[in-house]
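Observations on the model geometry
For reference, the chains in residue letters:
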2 protein chains.
Amino acid sequence: MNDFTSRVADAKIPDATVRRFSLYLRYLEDFERSGINSVASGVLAERGGTTAAQVRKDLSFLGSFGKRGLGYSVRELTGVLRDVLGLDSVWRVALLGAGRIGTALFRYEPFRARGFHITTVIDNDPGKVGTRLGGVMIRGEHELECALTEDRTDLVIVAVPAPVAQALVDRVVAAGIRAVLNYAPAQLRLPDDVALRNVSMTVELESLSHALTRVRRCR
Amino acid sequence: MNDFTSRVADAKIPDATVRRFSLYLRYLEDFERSGINSVASGVLAERGGTTAAQVRKDLSFLGSFGKRGLGYSVRELTGVLRDVLGLDSVWRVALLGAGRIGTALFRYEPFRARGFHITTVIDNDPGKVGTRLGGVMIRGEHELECALTEDRTDLVIVAVPAPVAQALVDRVVAAGIRAVLNYAPAQLRLPDDVALRNVSMTVELESLSHALTRVRRCR
DNA sequence: TTCCACTTGTGAACGATTTCACAAGCAGGG
DNA sequence: CCCTGCTTGTGAAATCGTTCACAAGTGGAA
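Residues numbered from 1 in each chain as written. Chains lettered and ligands numbered in written order. Predicted model: local features only at pLDDT ≥ 70, side-chain atom pairs only at ≥ 80, totals over all residues. Heavy atoms only, no water.

**A word on the overall build of chain A**
Filter applied, for reference: The helix and strand labels rest on DSSP assignments: H or I over at least four residues marks a helix, E over at least two residues marks a strand, and numbering proceeds from the N terminus. Contact between two residues is taken to exist if any of their heavy atoms lie within 4.5 Å; hydrogens are not considered. Methods summary: accessible areas were calculated by the Shrake-Rupley approach with a probe of 1.4 Å, and residue burial reflects only the protein chains presented. Under this rule, positive means Lys or Arg and negative means Asp or Glu; His and the chain ends count for nothing. By convention, the charge on Lys lies at NZ, on Arg at CZ, on Asp at CG and on Glu at CD.
A tally of regular secondary structure across chain A gives nine helices and nine strands. Across its three principal axes, chain A shows a C-alpha extent of roughly 60 × 55 × 35 Å. Once local pairs closer than 6 in sequence are excluded, the contacts in chain A between residues at least 24 apart make up 59%. Of the roughly 10000 Å² of accessible surface on chain A, 52% is carried by carbon and sulfur atoms. Across chain A, 30 positive and 25 negative side-chain charges occur, with their mean positions spaced 7 Å apart.

**Quick notes on the protein's contact with DNA strand D**
Heads up, the condition is: We define proximity as follows: a residue is near a molecule or strand when any one of its heavy atoms falls within 4 Å of that partner. Each polar contact in these results corresponds to two N or O atoms within 3.5 Å; when the atoms are within protein, one needs to be able to donate a hydrogen and the other to accept it, and residues that are neighboring in sequence are counted only if both atoms are side-chain atoms.
Taken together, 23 residues surround DNA strand D, and among them Arg68 of chain A together with Ser41, Arg56, Gly66 and Tyr72 of chain B come closest. Of what DNA strand D places within 4 Å of the protein, 60% of the atoms are sugar or phosphate. Between DNA strand D and phenylalanine 65 of chain B, the relevant distance is 3.0 Å, taken from a phosphate oxygen to a main-chain nitrogen or oxygen of the residue. Within the side chain of arginine 68 of chain B, one N or O atom sits 3.0 Å away from a sugar or linking oxygen of DNA strand D. If you list the elements that add at least two residues to the surface near DNA strand D, you get α3 (52-60) of chain A together with α3 (52-60) of chain B. With four residues, α3 of chain A is the single largest residue contributor to the surface near DNA strand D.

**Some remarks on the protein's contact with DNA strand C**
Filter applied, for reference: Residue classes follow a fixed rule: Ala, Val, Leu, Ile, Met, Phe, Trp, Tyr, Cys and Pro count as nonpolar, while Asp, Glu, Lys and Arg count as charged, and any other residue, Gly among them, counts as polar.
Close contacts around DNA strand C come from 24 residues, with Ser41, Arg56, Gly66 and Tyr72 of chain A together with Arg20 of chain B the closest. Considering DNA strand C, the proportion of its atoms within 4 Å of the protein that are sugar or phosphate atoms stands at 61%. Residue lysine 57 of chain A places a side-chain N or O atom 3.5 Å away from a base oxygen belonging to DNA strand C. Here glycine 69 of chain B contributes a backbone N or O atom positioned 3.1 Å from a base nitrogen of DNA strand C. Elements that contribute at least two residues to the surface near DNA strand C include exactly α3 of chain A together with α1 (15-33) and α3 of chain B. Among the elements that make up the surface near DNA strand C, the one with the highest residue count is α3 of chain B (four residues). Among the residues making up the surface near DNA strand C, the classes are represented as eight nonpolar, eight polar and eight charged.

**Section: the sheet that holds strand β3 (residues 91-96) of chain A**
Pairing between the strands of a sheet is mediated by backbone hydrogen bonds and can be parallel or antiparallel. Residues and elements named next belong to chain A. Operational definition: Strands were regarded as paired on the criterion that DSSP finds at least two bridges between them.
The strand order across the open sheet formed by seven strands is β5-β6-β4-β3-β7-β8-β9, and the pairing between neighbours is mixed. The open sheet has two free edges, formed respectively by β5 (132-133) and β9 (195-198), since each of these has just one partner strand. Alignment of β3 against strand β7 (residues 155-158), held across four bridges, turns out to be parallel. Looking across to β7, one finds that valine 93 is bridged to leucine 155.

**Describing the interface of chain B and chain A**
How we decide: Two parts placed together each lose some accessible area; with a 1.4 Å probe, that loss summed over both constitutes the buried area. In what follows, salt bridge is the name for a side-chain nitrogen of Lys or Arg lying within 4 Å of a carboxyl oxygen of Asp or Glu.
With 65 residues of chain B at the contact, the number on the chain A side is 65 residues. Overall, the association of chain B and chain A removes approximately 6300 Å² of surface from exposure, summing both partners, and the carbon and sulfur fraction of that is 61%. Across the contact surface, chain B and chain A share four salt bridges. Put simply, arginine 19 of chain A and glutamate 204 of chain B hold a salt bridge, and the shortest N to O gap is 3.6 Å. The tally of links between chain B and chain A comes to 19 residue pairs in polar contact (both at pLDDT 80 or more). Sorting elements by how many residues they give to the side of chain B that touches chain A places helix α9 (residues 201-217) of chain B first, with 16 residues. The class makeup of the residues in the side of chain B that touches chain A is 33 nonpolar, 13 polar and 19 charged.

**Overview of the relation of the copies chain B and chain A**
Quick note on the threshold: For this overlay, a least-squares fit was computed on C-alpha atoms, restricted to residues scoring pLDDT of at least 70 in both copies.
Of the transformation superimposing chain B on chain A, the axial component is 0.0 Å and the angular component is 180°, with the fit at an RMSD of 0.1 Å. Both chain copies can therefore be described as sitting about a two-fold axis. In terms of proximity to the rotation axis, the leading residue of chain B is alanine 104 of chain B, whose C-alpha is 3.2 Å off the axis. Taken as a fraction of all interface residues of chain B, those also at the interface in chain A reach 100%, which identifies the copy contact as same-surface.

What follows is the structure, encoded as structure tokens:
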């Protein structure tokens, strides 16, 4: 925990705002590397494709620590955002499914850089169990509960085929996990106190193809 | 184009609704495989984690073809959704970047199943250019415009490192592409008439870690 | 000290999306 | 035919998110 913890207002922050925090943080880190000390809302807005008012409103959820006339301290804002996004601790992640998607996710560098360490990999293919992915031993599905406990897993990434996903996730939840990132093309049903985010490859593509279809028709 | 084209009201449909259409379609295809002929809004809602009213409101954007007392014809609704999502034509897709993410996307079966055919792959690694990914020859970055035209590309998937993304996309847009799916951790700036969807691996993870942090603090 | 240019923080207006509530339509049974 | 149970379609209300507009704070220059 850093110096800014105490200032962080912890009222419920809209989901859309939290997602933009991730983006702001990304830009701020760029600025920090460039040696820039302060940014105005307008600058962040331009970088992030929103408006200055939006940026200020978003940041106002965290309290008020901008300087009027000057903008925000890059260092301070970076700290606050990292704190509110929970990026100051290391999160222990279990990856379910070591197929193509799973493997690509495992190897995705930015995860580790942000403190998400994949410490557990589960797959039910007997040919894979016992082999290593990166430095991590792939364990069989039957070891799931065991592995989650032993490795003190904080959150789980689901990258298994859709038909298997729900059953597996039920076990994950029963094992006490409270956050799931789902890449399987299935709508998972979870208790309300478990945080769930779905990433669907096809939903985005289909929304694009809808947009293209509309354009086409109008001409 | 299928029988239902004429019925599709083409007023502007909210983005959130279009995204749900993708989900509904997925479930409907399940139902169709199971030999179910009609579904009520409540059933779709339960499957998709929303409410019956939401489903009905969404579908009302497409006109009204449910049967009161009965629900919707699975076959008819499937047709309408496929049509409005533009899934009745084949879309020719170019993949920029044949790294880990790019490769995983290329190999992702559901894309092809939905009519998204990756016909072009571009990478700037000289070691990769000239080799094949699946059946597709990887071409150099300098051939970009050329490739897009020759292959009659409809939409582009960006899976290159963030620093390169903007420059590449500018060229893509100049070449007349009107839809971009961006996997690079960069906020792309495009003209308004180009449809853009961002998929960010880290944004979702960070929103989860924010959720976890909140839970922790409350106890 | 005063003025000026700049920027934040925020209530209020606005717009979009979701939920509610209910009239109207359909099928099946008696 | 009428009644009952079920489900759609949709205005109206409620909720949620974004944009506007401006008072108030800041640093620097004169």
